[in-house]
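Per-entry structural report
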There are 2 protein chains.
Amino acid sequence: MPSNPDWVKALRPAGPQGSELLSAERAKSDVNVDGLAEHLFTAEALARKARILDLLKKDPVFDKAQDCFRGRESRIVAALARGKRLRQLAVQHGWTTDEEYAANDLVGEPNPYGLHASMFLVTLREQSTPEQRRLFYERAARYEIIGCYAQTELGHGSNVRGLETTATWNPEDQTFTLHSPTLTAAKWWIGSLGKAANHAVVMAQLCVGGRRLGPHPFVVQIRDMQTHEPLPNVHVGDIGPKFGYNTMDNGFLLFRHLKVPHVSMLARFAYVDPATNKYVRPASASLLYGTMTWVRSNIVLQAGGVLARGVAIAVRYCAVRRQFQDQDRPAADDAGETQVLDYTMVQQRLLPLLAATFALHFAGRAMIEQYQANQAEQAKQAEQAADRLADLHATSCALKAYGSTLAGEGLEVCRRACGGHGYSAFAGIGAWYADYLPTLTWEGDNYMLTQQVARYLLKQARAVQLAGGDAAPSPADNDTTRILKDFWRRRDMGAAFDVLGSEQDVVAAFAWRVAFLTFEALRHRDEDRQTWNALLVDFWRLSTAHAQYMVVKHFYEAVHAPRTAQALDAPTVAALRTLFRLHALHTLETGAAEFFTSGACTVRQIQLARTRTVMDLLAAVRPHAVRLVDAWHFDDWTLASSLGRYDGDVYTDLFHRASELNPLNDVVFDPRPDSSVLLKRDDRRPIASKL
Amino acid sequence: MPSNPDWVKALRPAGPQGSELLSAERAKSDVNVDGLAEHLFTAEALARKARILDLLKKDPVFDKAQDCFRGRESRIVAALARGKRLRQLAVQHGWTTDEEYAANDLVGEPNPYGLHASMFLVTLREQSTPEQRRLFYERAARYEIIGCYAQTELGHGSNVRGLETTATWNPEDQTFTLHSPTLTAAKWWIGSLGKAANHAVVMAQLCVGGRRLGPHPFVVQIRDMQTHEPLPNVHVGDIGPKFGYNTMDNGFLLFRHLKVPHVSMLARFAYVDPATNKYVRPASASLLYGTMTWVRSNIVLQAGGVLARGVAIAVRYCAVRRQFQDQDRPAADDAGETQVLDYTMVQQRLLPLLAATFALHFAGRAMIEQYQANQAEQAKQAEQAADRLADLHATSCALKAYGSTLAGEGLEVCRRACGGHGYSAFAGIGAWYADYLPTLTWEGDNYMLTQQVARYLLKQARAVQLAGGDAAPSPADNDTTRILKDFWRRRDMGAAFDVLGSEQDVVAAFAWRVAFLTFEALRHRDEDRQTWNALLVDFWRLSTAHAQYMVVKHFYEAVHAPRTAQALDAPTVAALRTLFRLHALHTLETGAAEFFTSGACTVRQIQLARTRTVMDLLAAVRPHAVRLVDAWHFDDWTLASSLGRYDGDVYTDLFHRASELNPLNDVVFDPRPDSSVLLKRDDRRPIASKL
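Residues numbered from 1 in each chain as written. Chains lettered and ligands numbered in written order. Predicted model: local features only at pLDDT ≥ 70, side-chain atom pairs only at ≥ 80, totals over all residues. Heavy atoms only, no water.

**Quick word on the overall build of chain A**
Cut-off, in case you're wondering: The helix count covers DSSP runs of H or I at least four residues long, the strand count covers runs of E at least two residues long, and both are numbered beginning at the N terminus. As a reference, a globule follows 2.2 Å times the number of residues to the power 0.38, and the radius of gyration itself is taken over C-alpha atoms. The cut-offs for exposure are 20% and 50% of the maximum accessible area for each residue type, with area from a 1.4 Å probe on protein chains only; residues under the lower value are buried, those over the upper are exposed, and the others partly exposed. Residue contacts follow a heavy-atom distance rule, with two residues in contact if any of their heavy atoms lie within 4.5 Å. Only four residue types enter the charge count, namely Lys and Arg as positive and Asp and Glu as negative; His and the chain termini do not. Taken as the charge centre is NZ of Lys, CZ of Arg, CG of Asp or CD of Glu, depending on the residue.
In terms of helices and strands, chain A carries 23 helices and 13 strands. Compactness check: chain A gives a C-alpha radius of gyration of 28 Å against a globular reference of 26 Å for 691 residues, within 12% of the reference. C-alpha atoms of chain A, sized along the principal axes, occupy 95 × 80 × 55 Å. Here chain A holds 691 residues, and the buried ones make up 62% of them. Residue pairs at least 24 apart in sequence account for 73% of intrachain contacts in chain A once pairs closer than 6 positions are excluded. Computing the positive centroid from 77 side-chain charges and the negative centroid from 76, chain A places the two 4 Å apart.

Following this line, the structure appears as structure tokens:
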């Protein structure tokens, strides 16, 4: 579309301008934005980010302006180009893994190399013999072969044992035959498989001498190295458009009696001895157990930043957007319209999410630190480390489920808080939300995971019950068992927590509720003999309660940690403390029923929390909201949002993108229903991607 | 992509097949599917639907197979073609308005004629003088002119009084000058404006003799009738892609001192007298008041069907999808994997939504019947009718906000209940959800509306308080005042409802909670003198509680109405009653805190509801789930969902669409990062739309 006529270019938004409003917001808070940013991310990480951002902004291949106008095919081809350029930059600048991850985060969209760079390389590194490292891992690390990790099938996701693809050992020629016996055996949802990969790690049921030995990993070439066409007896392709994640080529894969050599089976842990044709048992899987804990802890950490992106956009826009005069203000006083962020109904939706971004960040960081400390200890005291790993694993399951759900659903709340304009693609929230949603399903479906948490808590509760709450014979001694023991000792005397007055007591109330729900579930299971299935809803509630306790606890500890007092000035620490209290009491209020049925607090306390304390905390956070989102250091280039602009120039940006960048304005419709002509004029130029 | 090789075509899903599983589901329930469908929609409406569906299926322009592969531009052009064909069919078959609506529902996507056929025509019909009817309405009804309704602006949505566009009366030449003084004055979000309309009803601030007289409607030509290019001093276009609704050309519009004749101002209610240059005051706006009530009541009715579409897909898929063996089953007994719908965690998410679809349907129908009855009475007893309309209006606000939120959020729950495959575009839920979301914002933002509900309830409560709860001096006598009076009388003695045992008592408990919250809010406002803004969150809770009461009450009455007993056999009525109890108790459980802080029930009742009664009701609904969704009579063509297929052949359909219809499989990537080639091969044929 031709650029706007001069008389339109001359128009300004009605005053006050967004830039004035955001400056005023920043002026009225004394939160130290850069200090807080360094505390969250470290100065080193911020510098790294700035350095890389600079490179990306200069390169037209990363220009996001056209992204929301592209169809799926055009978008994924653009993503392929970006993936290639990212790799080229990594080679050119000798990027570390951290730098590669930082660059990917900044680009902010999945690309067809995503699963090659993660699961494919990790699996080859961790499960290869030295020979296989040379043969597969080293070439993959150099991107000479491109791969993916093919586990999920059309008919089986969470239930890995149910996978149907078979890998049968042929003693006669010492090969394996990979085969898909049914349609539901088709590998499905496999990232980087649909279009990009020429190799795949395939999880298949190993069959030796007629015995099924469960899923094992096989490295299989699936496409020709020159033509990139599928190999014979391999059927592979892209599974089609999705609600989001459309820049990734999730794929399908079927085998028809495909023979692969003995070396294809990744043999570090389990293998078939070609001399004896015997299957040799795997070593303990605790290594993978650890890896999953690590992956989930990172999801928790990321959840804070993912949500913060939506909160930053919504908070800035709601500070710029003004609507209606204050009802109670005398008609005489014409102070113009009220900033939407001043309405308690908007604060109630956005500010607890603002608090949650920090809560999740600190919880994720704590998880990762505990995991690293534990890995370090493993050498010394293996057994205690194993106990603690079990606890960490359960906690990481609970936090992954809770954190990613909170972030995903929170983003939609942010989008709606932006009113009508939140629905525009230029708001920059909708697509971000849609791309994030898979996180609620992968690395353990958020509902499935809660069963593992419950299983662990019930096990610990049984031990505590047996021990009569005493130290001896003591079950594994960790935070979880401590809160269970504490509850068990005081179960008859009950509790009385000053949840409104004492920060420590709020944390204790969350712990009490977890312990109460655990022993209640234990009674249903062990005494009432209820089926596991009948208890799944209780287990889900229990896991959520456990996750909420952990997040509240970690947030409390982060706010009160000496390093926080050292790193931050008083006003900034004070703002964090207010956020902690808001997060804790808002969460308590939403779970009210469980809190007083468990006796963790009284009906009166709930009433006060909801009608007074939480409202007071919202008012206390309000003046710092814009600076607190600034502390996440999102660059406008990253947010790619008209509503979330740092300078608040929302309306001009929305108008520019709609009128001057929108290709639909390069065509003219024929509106007459009786005319079979659709377009009277079409001046579109195709938006091609190139490198 | 070439069709699948024969060895792939020969593959079947692992047994049992989806068709067998769904047949078994239908066999084990005695719910009368067609009887229930007739009861919900009437035999006449079902016949009409079948007749029209038959026409649409035959016409390739309505073929949905390619929809989810199209980019935004391609989709809206296809929607334009469909809009034209729908109009042609309407003319050819002499469709009634009901038939036109039915056809639009079946096509199931917005199109660029949407706002012409609704708001543009309705406004012209209701607000025109006889001369204007001839000049505008009649030509618009014949589609000789295509129009839209331009109210919302870039800077103002909910606050209509704040609109910036001006229409200034020029006595010298008896014209109006339409002008956009700022960028935020740009009309924005206007459906059918972006590409289709050549006329618009523009809401502008009327200025006469230097006085601003508020927003008034003007009919303005904006594009040339031959070239369809914008007229001079008019800047108009499409506002760009959105989270959904991309088959609609929501547009922007700016005026630069555009002169329009006196006849342009729709003058049925208010006008400028050209002889005297005087502004003549409008008659009562109660007509529009009534229209909004009508529109919102329909949103409530539709919300049931909108949600039912997602529930139907999810329930059928969860009956076909099997995963994991039952934990408590002896390893010996190998009954294969469990249907996902048998897991209580899935039932807890889906079955209350299944109940909600019927609840919303009956509530919407009741609203519409009350509205019609009231309109009929208006002639006779104007005053009582006005009172009742005020009550209906408040109720319609509460129900619109609650119903559309429940439906919108419920659809996302359905999508997630489908696990990984729910994320595929072929699931058919994601796009449906994204297209529905605007309903939560338009016709009154769901949060804004709750203020109107609260204002009405507080007014009634004041009157009841004044009257000391007695009949005299009585405030308007209607259901709302009755529950307020009842509570006021018993406020000290309190209540004791058998919410678990008596269906009537559950309804009474919901009423008690509404009254409690109303008088609590009244105290905060009148005695504690809290600001309106400070109470917005309480008002939102109050409005939601009121809506939940109305829905539960209407559902109860619908289930126990004589016409229901006459129309349906005992097993079907029994199933509806179970759904009613599930809906009521599940809603009670989610609002637990308010129910016992209000004394509507005890903590013990809540505990029993959540741990026992609701679980028992889920088990009671489970066997009828598939037949109950069948009763909504969705055709596979309408659902356009692999997962929701009536025959349960989920996996074959998913695979066919992904592998054989997916245009991304017509290209071959070059995966080498160091190669600047992106596509090695590209066999795509463009998917053009024509009529």
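**Some words on the relation of the copies chain A and chain B**
So the rule is basically this: The atoms used to superpose the copies are C-alpha atoms, taken from residues with pLDDT of at least 70 in both, and the fit is least squares.
Structural alignment of chain A on chain B gives an RMSD of 0.0 Å, achieved by rotating through 180 degrees and translating 0.0 Å along the axis. Such values leave the two copies arranged in the relation of a two-fold axis. For chain A, the minimum C-alpha distance to the rotation axis belongs to Gly-71 of chain A and amounts to 1.9 Å. Most of the interface of chain A is mirrored in chain B: 100% of its interface residues are interface residues there too.

**Looking at unusual backbone geometry**
Residue Pro-16 of chain A follows Gly-15 of chain A across a cis peptide bond; omega there is -10 degrees. Positionally, Pro-16 of chain A belongs in the loop between helix 1 (6-9) and helix 2 (18-27). One non-glycine residue, Phe-324 of chain A, lies in positive phi territory at about 70 degrees. Structurally, the position occupied by Phe-324 of chain A is in the loop between helix 9 (286-320) and helix 10 (344-378). Located in the positive-phi region is Tyr-143 of chain B, a residue other than glycine, with phi close to 60 degrees. Structurally, Tyr-143 of chain B is set in the loop between helix 8 (130-141) and strand 1 (149-150).

**Quick notes on the pairing of strand 5 (residues 199-208) of chain A**
Residues and elements named next belong to chain A. We count it as follows: If DSSP finds at least two bridges between two strands, the strands pair.
With ten of its ten residues buried, strand 5 lies for the most part within the structure. As paired elements, strand 1 (residues 149-150) and strand 5 share two bridges and run parallel to each other. For Tyr-149, the partnering residue across the bridge sits in strand 5 and is Val-201. Taken together, the three bridges between strand 2 (residues 166-170) and strand 5 define a ladder with parallel strand orientation. Across the sheet, the residue bridging to Thr-168 is Cys-207, located in strand 5.

**What to know about the interface of chain A and chain B**
The test is simple: What gets called buried area is simply the loss in accessible area from a 1.4 Å probe that two parts show on being joined, summed for both. Residues adjacent in sequence count toward polar contacts only when both atoms are side-chain atoms; beyond that, a polar contact is any pair of N or O atoms within 3.5 Å, and within protein one must be able to donate a hydrogen and the other to accept it. Three classes are used, and their members are as follows: Ala, Val, Leu, Ile, Met, Phe, Trp, Tyr, Cys and Pro are nonpolar, Asp, Glu, Lys and Arg are charged, and the others, Gly among them, are polar.
With 153 residues of chain A at the interface, the matching set in chain B holds 153 residues. Of the roughly 12600 Å² buried between chain A and chain B on both sides combined, carbon and sulfur atoms contribute 63%. When the buried area of chain A at its contact with chain B is split by residue, Trp-7, Tyr-423 and Phe-669 of chain A rank highest and sum to 7% of it. The interface formed by chain A and chain B holds 74 residue pairs in polar contact (both at pLDDT 80 or more) in total. Top contributing element to the side of chain A that touches chain B by residue count: helix 5 (residues 72-93) of chain A, with nine residues. A per-class count over the side of chain A that touches chain B returns 72 nonpolar, 44 polar and 37 charged.

**Examining the packing of aromatic side chains**
For the record, the criterion: Each Phe, Tyr or Trp ring, with Trp reduced to its six-membered ring, pairs with another whose centre is within 6.5 Å; inter-plane angles below 30 degrees give stacked pairs, above 60 give edge-to-face pairs, and intermediate values give tilted ones. Geometrically, a lysine NZ or arginine CZ counts as sitting over a ring once it is within 6 Å of the ring centre and also within 35 degrees of the ring normal.
Inspection of the entire model under this criterion finds 54 aromatic pairs over all chains. Summarising the aromatic geometry, the rings of Tyr-433 of chain A and Phe-243 of chain B are spaced 6.2 Å apart at their centres and angled 55 degrees between planes, so their arrangement reads as tilted. Placement of Tyr-433 of chain A in helix 12 (residues 430-436) and of Phe-243 of chain B in the loop between strand 7 (234-238) and strand 8 (251-255) is noted, with the two residues assigned to different chains. The ring of Trp-637 of chain B has Lys-64 of chain B lying over it, and the distance from NZ or CZ to the ring centre is 4.5 Å. The ring of Trp-432 of chain B carries the charged tip of Arg-309 of chain B above its face, separated from the ring centre by 3.7 Å.

**So, the sheet that holds strand 7 of chain B**
Residue and element names in this part refer to chain B. This is how the line gets drawn: To define axes, lines are fitted to C-alpha atoms, for helices over the stretch in contact only, and angles between the resulting N-to-C directions are given on a 0 to 180 degree scale.
Sheet architecture is open: three strands sit in the order 4-8-7, paired in antiparallel fashion. Only two strands of the sheet have a single partner each, and these edge strands are strand 4 (187-190) and strand 7. Going across the sheet, the axis of each strand differs from the next one's by a mean of 15 degrees, ignoring polarity. Two elements, strand 7 and strand 8, share five bridges in a ladder whose sense is antiparallel. Pairing of Asp-238 across the sheet is with Gly-251, part of strand 8.

**Examining the pattern of salt bridges**
All names here are of chain A. The condition that has to hold: Counted as salt bridges are all cases of a side-chain nitrogen of Lys or Arg within 4 Å of a carboxyl oxygen of Asp or Glu.
Going through the model one piece at a time under the given rule, you end up with 91 salt bridges over all chains. One salt bridge connects Arg-26 with Asp-630, and the closest N-O pair in it is separated by 2.7 Å. Placement of Arg-26 in helix 2 and of Asp-630 in helix 21 (residues 625-630) is noted, with a sequence separation of 604 residues between them. Pair check on accessibility: Arg-26 and Asp-630 agree, each one buried. Across the pair Asp-526 and Arg-462 runs a salt bridge, and its minimum N-O distance is 2.7 Å. Placement of Asp-526 in helix 15 (residues 503-527) and of Arg-462 in helix 13 (residues 449-466) is noted, with a sequence separation of 64 residues between them. Take Asp-526: its relative accessible area is 24%, and that puts it in the partly exposed class. Because the salt bridges share partners, they merge into one network encompassing Asp-67, Arg-70, Arg-75, Arg-82 and Glu-109.

**A closer look at the packing of helix 10 of chain A against helix 16 (residues 536-560) of chain A**
Packed helix pairs are specified by the crossing angle of their axes together with the interaxial distance, meaning the distance between the axes. All names here are of chain A. Stated formally: An angle counts as roughly parallel when it lies under 35 degrees, as roughly antiparallel when it exceeds 145, as roughly perpendicular when it falls between 65 and 115, and as oblique in every other case.
Taken N-terminus to C-terminus, the directions of helix 10 and helix 16 make an angle of 90 degrees; their axes are 8 Å apart at the nearest point. With respect to helix 16, the element helix 10 is oriented roughly perpendicular. Residues Ala-355, Phe-358, Ala-359, Phe-362, Ala-363, Ala-366 and Gln-370 of helix 10 touch helix 16, and the partners they reach there are Val-551, His-554, Phe-555 and Ala-558. Residues belonging to the contact of helix 10 with helix 16 are distributed by class as follows: nine nonpolar, two polar and no charged.

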